[in-house]
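Architecture at a glance
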Amino acid sequence: MTEAAKDTMFGIMERWGFPVLVAIAAGWILRNDVLLPLVEEHRQFVKELSTTQREIGRAISEQTRLLYALQPKE
């Protein structure tokens, strides 16, 4: 641990107390181990979903074009 980190940690403990330091540490761990991976997985899901929606849109357009081509001519 660097001197600056130690000074910051002890400064927080002196000013606000140990429970605040523990809450900050728990928040940091939660952010790094839970929230960031969860957000990244969600981004990947949304990207795959948008790709799938584009493919569905193209397929519907193609089917519509084929249905118009199959209509009986008057």
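Definitions and limits used
Residues numbered from 1 in each chain as written. Predicted model: local features only at pLDDT ≥ 70, side-chain atom pairs only at ≥ 80, totals over all residues. Heavy atoms only, no water. Helix = DSSP H or I, 4+ residues; strand = E, 2+ residues; numbered from the N terminus. Rg over C-alpha atoms; globule rule 2.2 N^0.38 Å. Buried < 20%, exposed > 50% of the residue type's maximum accessible area, 1.4 Å probe, protein only. Areas by Shrake-Rupley, 256 points an atom, 1.4 Å probe, with all protein chains shown as cover. Lys, Arg positive; Asp, Glu negative; His and termini not counted. Charge placed at Lys NZ, Arg CZ, Asp CG, Glu CD. Expected span 1.5 Å × (residues − 1). Axes fitted to C-alpha atoms, helices over the stretch in contact; angles between N-to-C directions. Parallel < 35°, antiparallel > 145°, perpendicular 65-115°, else oblique. Contact = heavy atoms within 4.5 Å. Bend = angle between axes of the 7 residues up to and from the residue. Salt bridge = Lys/Arg side-chain N within 4 Å of Asp/Glu carboxyl O. Patch = residues over 30% accessible without salt bridge, like charges linked within 9 Å, V, L, I, M, F, W, Y side chains within 5 Å.

1. Some words on the overall build of the protein
Counting its regular elements, the protein contains two helices and zero strands. For the protein, whose C-alpha radius of gyration is 28 Å, the value lies well above the compact-globule estimate of 11 Å for 74 residues. Projected onto its principal axes, the C-alpha coordinates of the protein cover approximately 90 × 20 × 15 Å. For the protein, with 74 residues in total, the buried portion stands at 4%. Within the structure as shown, the protein displays about 6,900 Å² of accessible surface, and the carbon and sulfur contribution to it stands at 65%. Considering the protein, the positive charge centre built from 9 side chains and the negative charge centre built from 10 side chains are found 7 Å apart.

2. Let's talk about helix α1 (residues 3-16)
For α1, built from 14 residues, the straight-helix expectation of 20 Å at 1.5 Å per residue is met to within 8% by its first-to-last C-alpha distance of 20 Å. Positive phi appears at G17, one or two residues downstream of α1, with a value of about 105°.

3. Observations regarding the packing of α1 against helix α2 (residues 18-70)
Interhelical geometry of α1 versus α2 gives an angle of 135° and a closest axis separation of 7 Å. Judged by the angle between their axes, α1 and α2 are oblique. When α1 is examined against α2, the residues M9, I12, M13 and W16 are found in contact with a partner set consisting of F18, V20, L21 and I24.

4. Details of α2
When the terminal C-alpha atoms of α2 are compared, their 76 Å separation across 53 residues agrees well with the 78 Å that a helix rising 1.5 Å per residue should span. Remark: the principal bend of α2, roughly 40°, maps to R31.

5. Quick look at the pattern of salt bridges
In this structure the tally under the stated criterion is two salt bridges. Note that R43 and E40 form a salt bridge whose closest N and O atoms lie 3.6 Å from each other. One end of the pair is R43 and the other is E40, both in helix α2 and three residues apart, which spans about a single turn. According to the relative accessible area criterion, R43 is exposed, its value standing at 53%. Look at E40 and you get partly exposed, because its relative accessible area is 44%.

6. Brief notes about a nonpolar patch on the surface
Together, F10, M13, F18 and V22 give the surface a local cluster of nonpolar side chains, amounting to about 370 Å² of exposed area. Elements that contribute at least two residues to the nonpolar patch include exactly α1 and α2.

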